[in-house]
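Spelled out from the first residue to the last, the chains are:
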Amino acid sequence: MSQTGAPSSNSCGFFVKKKKRFCKMIAASGKIYCGEHATMEEAGSRIVCPLDPKHTVDAEKLSKHLKKCNSRQKPTPVYYVENINSGSSDVDEEVQQVSLSELSWSQVETLLERLKVACTGLQCDVEEQLLSHPVLQDELHNPKNGDSAHKHLKQQSSILGHLESLGLLGRGRCFVEFGAGRGKLSHWIHEALKTPEHLEAQEDLQLLLVERCTTRFKVDGKHQDSSATFERLHVDIEHLDLSKVPLLQRCKLPLVGVGKHLCGAATDLALRCLLEPAGWRDETGASLKRPTNEPTGPAAPGPVLGLAVALCCHHRCEWRHYVGQRFFAQRGLGAAEFSAFCRMSSWATCGLRGSKPDGTGEHEGQEVTGEHEGQEVTGEHEGQEVAEETESVSRFLSAEERLRIGRLCKRLIDSGRLHFLNARGFDGKLNYYVSSQVTLENVLLVASSSSSSPL
């Protein structure tokens, strides 16, 4: 709708330039604008909320609004333990992020040689395993779903397929969805376990959704039936102590970790949160070596059966959170190399921007951020910085070489995560779970207890 057109009946008369349409909120009888845009009509009657400048409030009702504003400071929940999943606090040095564009070509060559040596002997090939689950078939063939919705549905279907193949998809357990966003993955897990054959088991089912941001259009609120318990935690994974979550304390069901595009360091934080309960840390919060196949300690909520996490945004990983520090040290690498390899990992998804030598390259809606349903995960400045780094090495490396190096960096970082899982009695594996035409960030990290793993 153009600015010269008229808003629909009873709609707000404010024109949203960014969206090129009128506001869709309803205006009160006799008013031109909705409550949010009332300042256009009643100058001075509304002010910017001091807690959140993104919205306004009636000046006369400010005191009342501050008591219920969604941005007000809320009481700290019992499961909030500051920095509990941050990783070891005894890192020798805080490495300052150095842009690759600031390094000489000889320094970059040295880094590439160290990457090559570190990857020697590693199983860096990722097996393609494109699975699906029948519960999503109707939606996948629903013509009302556009390309974006279809893309997310294919990923959710494959994740459920992998959970099924690992023997992890069932009742009598709690699924912890890290970086839950709107909660669509938990929604489909619940739908898959509503079939008569699953309900006949009469086992409890819990779905715990962890998300640090306030999210609109959540789907978990729609599940109020008695066949499952949905609970959402508004907390950063870095500060979440699962052993203190009341829901998990009551039943102590076995846990299964899931996540769809768990961005950068969030994957490492989730692994620590799930597999390093408070009982396995020293007084500084640093991880203690947990004996292989040792039963879960008394402080933990329940045994961990396994996990399935779609990975992305390796360029946003952080050394202090990374679970593979010991793995890197065994290869003579440290924080400086890790930082550089994280930067180079972005070449796997943005190094071919504008070119498609092997059928890959630019995908609609993808920059350097991966795929996050309903979430904005990076800023314009970060994307520009990575693009500048790519440009700085393009004189020496072809697009194909940058793609190969970027993938190698991702596999090295992920190998450290597999090493972490293996040290804790799990069999871990990396799979291409959807095609690169669906998303360039198409690698799924799966793991299950080595005592019963079908991997």
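Heads up: the structure comes first, above all this text.
Rules and cut-offs
- Residues numbered from 1 in each chain as written.
- Predicted model: local features only at pLDDT ≥ 70, side-chain atom pairs only at ≥ 80, totals over all residues.
- Heavy atoms only, no water.
- Patch = residues over 30% accessible without salt bridge, like charges linked within 9 Å, V, L, I, M, F, W, Y side chains within 5 Å.
- Areas by Shrake-Rupley, 256 points an atom, 1.4 Å probe, with all protein chains shown as cover.
- Salt bridge = Lys/Arg side-chain N within 4 Å of Asp/Glu carboxyl O.
- Lys, Arg positive; Asp, Glu negative; His and termini not counted.
- Charge placed at Lys NZ, Arg CZ, Asp CG, Glu CD.
- Helix = DSSP H or I, 4+ residues; strand = E, 2+ residues; numbered from the N terminus.
- Buried < 20%, exposed > 50% of the residue type's maximum accessible area, 1.4 Å probe, protein only.
- Core = buried A, V, L, I, M, F, W, Y, C linked by side-chain atoms within 4.5 Å.
- Contact = heavy atoms within 4.5 Å.
- Axes fitted to C-alpha atoms, helices over the stretch in contact; angles between N-to-C directions.
- Parallel < 35°, antiparallel > 145°, perpendicular 65-115°, else oblique.
- Left-handed = near helix turned anticlockwise from the far one by under 90°.
- Phe/Tyr/Trp six-rings, centres within 6.5 Å; stacked < 30°, edge-to-face > 60°.
- Pairing = 2+ DSSP bridges.

(A) The arrangement of a positive patch on the surface in detail. A cluster of basic residues, Lys 18, Lys 19, Lys 24 and Arg 216, forms a positive patch on the protein surface. Tracing the sequence through the fold places Lys 18 in the loop between strand E1 (15-16) and strand E2 (21-22). Take Lys 18: its relative accessible area is 80%, and that puts it in the exposed class.

(B) Structural context of the nonpolar core. Counting 38 residues, the largest nonpolar core has Phe 178, Leu 208, Ile 237, Leu 240, Leu 242, Val 245 and Leu 421 as its most contacted members. Residue contributions to this core peak at seven residues, all from helix H8 (residues 265-275). Not counting chain neighbours up to four residues away, the residues in contact with Ile 237 comprise Asn 85, Phe 178, Gly 179, Val 210, Leu 262, Ala 266, Leu 269, Ala 270 and Cys 273. Counting 30 residues, the second-largest nonpolar core is a separate cluster that includes Leu 166, Val 256, Ala 310 and Val 438.

(C) Molecular detail of the packing of helix H2 (residues 105-119) against helix H13 (residues 399-422). In contact at an axis separation of 11 Å, H2 and H13 are set at 50 degrees when each is read in the N-to-C sense. The angle between the axes of H2 and H13 places the two elements in the oblique class. By crossing handedness, the relation of H2 to H13 is classed as left-handed. Here Leu 112, Leu 115, Ala 118 and Cys 119 of H2 come into contact with H13, specifically with Ile 405, Leu 408, Cys 409 and Leu 412.

(D) Examining the packing of aromatic side chains more closely. Enumeration according to the criterion identifies nine aromatic pairs in this entry. Considering the side-chain rings of Trp 319 and Phe 328, the 6.1 Å spacing of their centres and the 65 degrees angle between planes classify their relative orientation as edge-to-face. Residue Trp 319 shares its accessibility class with Phe 328, and that shared class is buried. Both rings, one in Phe 328 and one in Phe 338, keep their centres 5.5 Å apart while their planes meet at 75 degrees; by these two values the pair is edge-to-face. Here Phe 328, found in helix H9 (residues 325-330), pairs with Phe 338, found in helix H10 (residues 335-345); they are ten residues apart in sequence, far enough to count as distant. Phe 338 carries the same exposure label as Phe 328, and that label is buried. Each member of the aromatic cluster is reached from another via a ring pair, and the members are Trp 319, Tyr 322, Phe 327, Phe 328 and Phe 338.

(E) View of the sheet that holds strand E11 (residues 426-432). As summarised here, the arrangement of the eight strands in space is E5-E11-E12-E10-E9-E6-E7-E8, forming an open sheet in which the pairing is mixed. Taken across any chain shown, the strands that pair with only one partner, and hence form the sheet edges, are strand E5 (127-128) and strand E8 (229-233). When strand E6 (residues 173-178) meets strand E7 (residues 205-210), the two strands line up parallel, connected through six bridges. From the neighbouring strand, Phe 175 faces E7, where its bridge partner is Leu 207. Running at roughly 150 degrees to strand E9 (residues 255-263), helix H4 (residues 147-165) makes contact with E9, strand E10 (304-312), E11 and strand E12 (443-449) of the sheet. Along the sheet, H13 makes contact with E10, E11 and E12, crossing E11 at roughly 155 degrees.

Nothing here speaks to function; it is all geometry.
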